[in-house]
Amino acid sequence: MSVVFVAASKLPTPFATFTMHGFLDEASGKEHVALTLGDFSDGLPVLGRLHSECLTGDALFSQRCDCGAQLEAALRAIAEEGRGVLLYLRQEGRGIGLLNKIRAYELQDAGADTVEANERLGFAADQRDYSICQPMLDHLGISAIKLMTNNPRKVKALEGFGVRVAERHPLEIRLNVHNRKYLTTKAGKLGHMLGLQHQEEAE
Ligand SMILES: Nc1nc2c(ncn2[C@@H]2O[C@H](COP(=O)(O)OP(=O)(O)OP(=O)(O)O)[C@@H](O)[C@H]2O)c(=O)[nH]1
Ligand SMILES: [Zn+2]
């Protein structure tokens with residue numbers, strides 16, 4: 001595997017002061033980050049999140065998706081636990097890149113759902129490869145995770161390379177008028193485990 005550790009520093013945030021570990025994927029040139037809090041030497045499962053880059057949601061306050069809210073909720077949960085890891089993976093747009101994601105949004109503005117838009121552009125619905133996580137987790141000494149996700153593919157991928165998923169913690173974000181179609185498509189076509197019915201009924 002071509003992912004190598006480069007450097008680590010402190011990263012103070014409103015939630016906690018994390019340690020930020022930088023990694024380089026020498027094959028793709030992509031730069032990935034892990035934020036950690038606490039000590040993992042006891043080998044017990046670590047509260048963790050694999051977060052795929054979403055410039056629009058994570059940094060530009062987009063309400064089209066749940067990414068920004070999930071990132072914040074995950075960092076808060078790790079801070080509350082006093083121990084955990086967030087891998088910030090540079091797989092923008094489920095692996096198709098920012099400009100193709102904007103192309104996909106353009107098709108969605110004209111009526112396509114998130115999966116149809118990817119397919120019309122010639123991509124699979126989800127092009128992410130989580131194998132980059134293995135050397136990062138190895139480097140951090142993490143072999144068991146309490147994973148914050150609604151995405152069954154992430155659980156499968158981790159278990160596929162020998163990381164034990166001891167628990168799955170849902171990370172559900174409220175529906176709004178902009179993200180409703182996106183989230184219901186994730187549940188319907190991408191297999192995400194979301195309790196959207198309850199929210200629809202409660203409204
Ligand atoms: N192609 C495409 N990518 C999108 C769209 N909306 C969001 N994304 C990307 O989807 C990814 C979301 O990743 P994650 O936050 O890891 O979430 P997830 O796979 O939905 O799973 P969870 O762990 O349950 O949140 C990011 O890379 C976003 O850039 C879209 O409409 N089209
Ligand atoms: Zn997003």
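In this text the structure is predicted, and so the values were computed from the model without any measurement. (Residues numbered from 1 in each chain as written. Chains lettered and ligands numbered in written order. Predicted model: local features only at pLDDT ≥ 70, side-chain atom pairs only at ≥ 80, totals over all residues. Heavy atoms only, no water.)

Participant: Honestly, the overall build of the chain in this entry has me stumped. Any pointers?
Facilitator: Counting its regular elements, the chain contains 8 helices and 7 strands. Against the globule reference of 17 Å for 203 residues, the chain gives a C-alpha radius of gyration of 17 Å, in line with a compact fold. Taken along the three principal axes of its C-alpha coordinates, the chain extends 50 × 40 × 30 Å. Burial statistics for the chain: of 203 residues in total, 47% are counted as buried. (Helix = DSSP H or I, 4+ residues; strand = E, 2+ residues; numbered from the N terminus. Rg over C-alpha atoms; globule rule 2.2 N^0.38 Å. Buried < 20%, exposed > 50% of the residue type's maximum accessible area, 1.4 Å probe, protein only.)

Participant: Just to check I follow, could you spell out the coordination of the zinc ion (ligand 2) for this structure?
Facilitator: Octahedral six-donor coordination of a metal ideally yields angles of 90 or 180 degrees, compared with 109.5 degrees for tetrahedral four-donor coordination. Around the zinc ion (ligand 2), the protein contributes the donor atoms Cys 54 (SG), Cys 65 (SG) and Cys 67 (SG), which lie 2.2 Å from the metal centre. Read from N- to C-terminus, the donor residues coordinating the zinc ion (ligand 2) fall into the pattern C-x10-C-x1-C. Cys 67 shares its class with Cys 65; the two are buried. (Donors = N, O, S within 2.8 Å, 3.2 Å for Na, K, Ca; no water.)

Participant: Is there a simple way to explain the pattern of salt bridges in this structure?
Facilitator: Pairing is possible between side chains of opposite charge, provided their charged atoms come close. Taken as a whole and judged by the stated rule, the model has 10 salt bridges. The shortest N-O distance in the salt bridge between Lys 146 and Glu 81 comes to 2.6 Å. With Lys 146 in strand β6 (residues 144-148) and Glu 81 in helix α2 (residues 67-81), this pair connects stretches of sequence that are 65 residues apart. The exposure class assigned to Glu 81 is partly exposed, which follows from its relative accessible area of 39%. Taken together, the shared-partner salt bridges in this structure form one network comprising Asp 113, Glu 116 and Lys 189. (Salt bridge = Lys/Arg side-chain N within 4 Å of Asp/Glu carboxyl O.)

Participant: How should I be thinking about the pairing of β6 in this particular structure?
Facilitator: Burial analysis of β6 places 5 of its 5 residues in the buried class, the great majority of the element. As paired elements, strand β4 (residues 46-52) and β6 share 3 bridges and run parallel to each other. Bridge pairing in β6 links Gly 48 to Leu 147. Relative to strand β7 (residues 164-169), β6 runs parallel, the two being bridged by 5 bridges. (Pairing = 2+ DSSP bridges.)

Remember, this is a structural readout, not a statement about activity or role.
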